[in-house]
Structure formats: structure tokens, C-alpha cells
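# Fold and geometry: a report
One-letter residues, chain by chain:
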Amino acid sequence: MIPGDQQLVIGRYRFDSRLFVGTGKYASFEQMRSAVDASGTECVTVAVRRVDLGQAGNLLDHLDLERITLLPNTAGCYTAGDAVRTCRLAREALDCELVKLEVLADEKTLLPEPLETLAACKELVADGFVVAAYTSDDPVMALRLEEAGAAAVMPLGAPIGSGLGILNPRAIRRIKARASVPIIVDAGVGTASDVSVAFELGVDGVLLNTGIAAADDPVLMASAMQYAWKAGRAAFLAGRMAPRDEASPSSPTQGLVARS
Amino acid sequence: MHPDAGELQITVNGESRRVPAGTTVAGLVSTLGLGAGRFAVEIDARIVPRSQHAERHLADGEVLEIVTFVGGG
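The rules we used
- Residues numbered from 1 in each chain as written.
- Chains lettered and ligands numbered in written order.
- Predicted model: local features only at pLDDT ≥ 70, side-chain atom pairs only at ≥ 80, totals over all residues.
- Heavy atoms only, no water.
- Helix = DSSP H or I, 4+ residues; strand = E, 2+ residues; numbered from the N terminus.
- Buried < 20%, exposed > 50% of the residue type's maximum accessible area, 1.4 Å probe, protein only.
- Contact = heavy atoms within 4.5 Å.
- Areas by Shrake-Rupley, 256 points an atom, 1.4 Å probe, with all protein chains shown as cover.
- Lys, Arg positive; Asp, Glu negative; His and termini not counted.
- Charge placed at Lys NZ, Arg CZ, Asp CG, Glu CD.
- Buried area = accessible area lost by both parts, 1.4 Å probe.
- Salt bridge = Lys/Arg side-chain N within 4 Å of Asp/Glu carboxyl O.
- Polar contact = N/O pair within 3.5 Å; in protein donor to acceptor, adjacent residues only side chain to side chain.
- Nonpolar A, V, L, I, M, F, W, Y, C, P; charged D, E, K, R; others polar.
- Axes fitted to C-alpha atoms, helices over the stretch in contact; angles between N-to-C directions.
- Parallel < 35°, antiparallel > 145°, perpendicular 65-115°, else oblique.
- Left-handed = near helix turned anticlockwise from the far one by under 90°.

This part takes up the overall build of chain A. Scanning chain A for helices and strands turns up eight helices and ten strands. Its C-alpha atoms put chain A at 85 × 40 × 35 Å along the principal axes. A buried classification covers 51% of the 260 residues belonging to chain A. Long-range pairs, those at least 24 residues apart, make up 66% of the contacts in chain A between residues at least 6 apart in sequence. On chain A, roughly 12,300 Å² of surface is accessible, and the fraction owed to carbon and sulfur atoms is 50%. Counting 25 positive and 32 negative side-chain charges, chain A places the averaged centre of each group 6 Å from the other.

With 27 residues of chain A at the contact, the number on the chain B side is 24 residues. At the boundary of chain A with chain B, total buried surface from both sides reaches about 2,300 Å², with 61% on carbon and sulfur atoms. Along the contact surface separating chain A from chain B lie two salt bridges. Across the pair Glu42(B) and Arg85(A) runs a salt bridge whose closest N-O atoms are separated by 2.5 Å. In this structure, the connection of chain A to chain B is made through 14 residue pairs in polar contact (both at pLDDT 80 or more). Listing elements by their share of the side of chain A that touches chain B, those giving two or more residues are strand E4 (43-50), strand E5 (69-73) and helix H2 (80-94) of chain A. Of all the elements, H2(A) adds the most residues to the side of chain A that touches chain B, at seven residues. Taken together, the residues of the side of chain A that touches chain B sort by class into 13 nonpolar, seven polar and seven charged.

Moving on, we get to the pattern of salt bridges. A side chain of one charge can pair with a side chain of the opposite charge if their charged atoms are brought near each other. By the definition in use, this model includes 17 salt bridges over all chains. One salt bridge in this structure joins Arg33(A) and Asp37(A), with 3.8 Å as the shortest N-O distance. Taken together, the residues span about one helical turn, with Arg33(A) and Asp37(A) both in helix H1 (residues 29-39) at a distance of four residues. On the basis of relative accessibility, which here comes to 33%, the residue Arg33(A) falls in the partly exposed class. On the basis of relative accessible area, Asp37(A) is assigned to the partly exposed category, the value being 38%. In this structure, Arg50(A) engages Glu65(B) in a salt bridge whose closest nitrogen and oxygen atoms are separated by 2.8 Å. You can see Arg50(A) sitting in strand E4 and its partner Glu65(B) sitting in strand E5 (residues 63-71), one on each of two chains. With relative accessibility at 17%, the residue Glu65(B) sits in the buried group.

Below, the discussion takes up the packing of H1(A) against helix H8 (residues 218-238) of chain A. The description of two helices packed together rests on the angle between their axes and the distance between the axes. Residues and elements named next belong to chain A. Their axes nearest at 7 Å, the elements H1 and H8 cross at an angle of 20°. Judged by the angle between their axes, H1 and H8 are roughly parallel. In the crossing of H1 with H8, the sense of the turn from one axis to the other is right-handed. Within the contact between the two elements, H1 uses Gln31, Ser34, Ala35, Ala38 and Ser39 and H8 uses Pro218, Val219, Ala222, Ser223 and Gln226. The residue inventory of the contact of H1 with H8, partitioned by class, reads five nonpolar, five polar and no charged.

Here is the structure:
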């Protein structure tokens, strides 16, 4: 945790690390585990899928569940009904009510479907879930999700898997300014500086997957992401200097030796 | 052959299966080698809580979904 910072609180869940990472797209369970460890995260996303009856080994056997909280997602759901069903299955399997709600509009854009997301959020909250809701970077929609009871709102930085960074930093800042629940930038992060930028905007957390998993060296990139969130968060807490158009000397202009 | 003996036709994760009559959810799960892992079972789109797996008998034609967790973002 950064000196002077507080824990990130989402419902009854508390985290020292503000970095959330996904567990998809890795070459092996071993690589995934090494990347998760190198990132320092305390919370990873997982997807709910049919048991593969022919497959040996399970993802969860490769995670230190004493230290890491699982955040089941509803990836692959395009309706509120499917998302709610998926969350209930996840809760039954894990006995844990924290979920990442993600209802997408279509397979091409992978952008959030706002009406279905909102409907699912309301139903899940009424059913006792702690909902972290994935959404676009629309400040109004973020507010609607908060009003619907979301415990955290997760605006995208850029489309899922794009690695384009924070496309609309002003929108992210406005979302944060109006929110009273944690804001976690989710999706679009391509490299370490994107994570720092997000935290410098004041957000409470960042969730990423492809930015680590698709790096040439995922474990090294996971380590870079840990530096990046800490650097960005510390910079935000430190309060940056006001930018200015004119130069300003850093060394005294008095006491110079005689010029020749 | 015992008159109660027989088989049930069920569907598990989209695949048709035959199991002995009288098979419970717990029995099926054990046969599938899932043991004590983290998974959830639905029958005909309704969750069967883990506490009921031992006594819940399967019926002919039922459709089961058994899910677990995989890597995802």
C-alpha cells in the first residue's frame, strides 16, 4: 500500500493492492500464476464455463486462494438474464457474492450494453450480490449504475483487448468526480504508462488482462504494472504541480559567477 | 433383471449420457471425477445447492449444466 493511502473497499471486500488482473489468454497455468504473483494483485477475474469433462487440471488449483479473492465475471453474456444466471452459478460454486457484471452489446465491438447491464445490476443487488459493473466511459451511465446499487463502477479505458490506453481521460475524471463508490478502469490498458495515467486521473483501481497476457514477457509486464499503479497512485496522492506554458528555471538565477 | 433396474437418459453440458436409475447428483459428480472442486450444478436451469447433491435423484430427460471457472478477464 502507498504510504498515506487507504485500503480499497468494495462492499465487504478490502484490498491493499489496487490492481486487478484477469486470468485469461495465458500460455499455461504456470505462466498465469507467475504473472499474477508478479503483479502483486489480491483479486483476479475468472470466467464461468461448463466443466470440460475431458480436461485435467483446474485454473483454481493454480491460484493462492488464501491470498487472492476471486472475481467471477459474466463474460459472454449478452442479456441481463444470462448474466444473472451466471452470477448465481458463480455464487453457488464459490460461496462468494462479489461479481463482475459485464453484459456486452455484440461480439464485434464488445462494448457494454447499457440497458441490460442496468437491469442485471438491479436484480443482482436485490439478490444480495456485491456488484462491480463494467460500463462505457459515459458519466451518466456510471451514475445510474451507482444508483442501482453497484458497489463499484468499472468504466472502460478503451475497448476490451484493444490496448489503446485511456481514450477519454476527461470522461474518466468526470465519472470519478461524481461517484461515491469506487471507480475501477477496466479494459483497454496496453502498457504500464496507461495504468499510471488512470491512477493519476484519481480512479480507485485498474483491472486489466490482455495488457499483461499478450506482452512478449507477461511476467515482466505484470511486474511493470505493479510499479505503474503504485507510481500513478502515489503521484495522484502527492498532488501534481500545475502545468504552465512558460519555462521556469529550477536553479537560482542569483549568485551566478561572472560571465565572460 | 430387477424391475427397478434400468437407465436414465440425461443431458450433461450438452452431451447425452446414460446413468443407472437412482443416481444422485453427488453420484454423477463423483463419476465425472469432480470430487470436492469448486463447481455448481443446475438441473433444468435451476441451481441444485451443494447441500442437496447427496439426496437429489436424477430423473429421465433432465438437462444438467455443471460449471466451474476458467481463465478470463
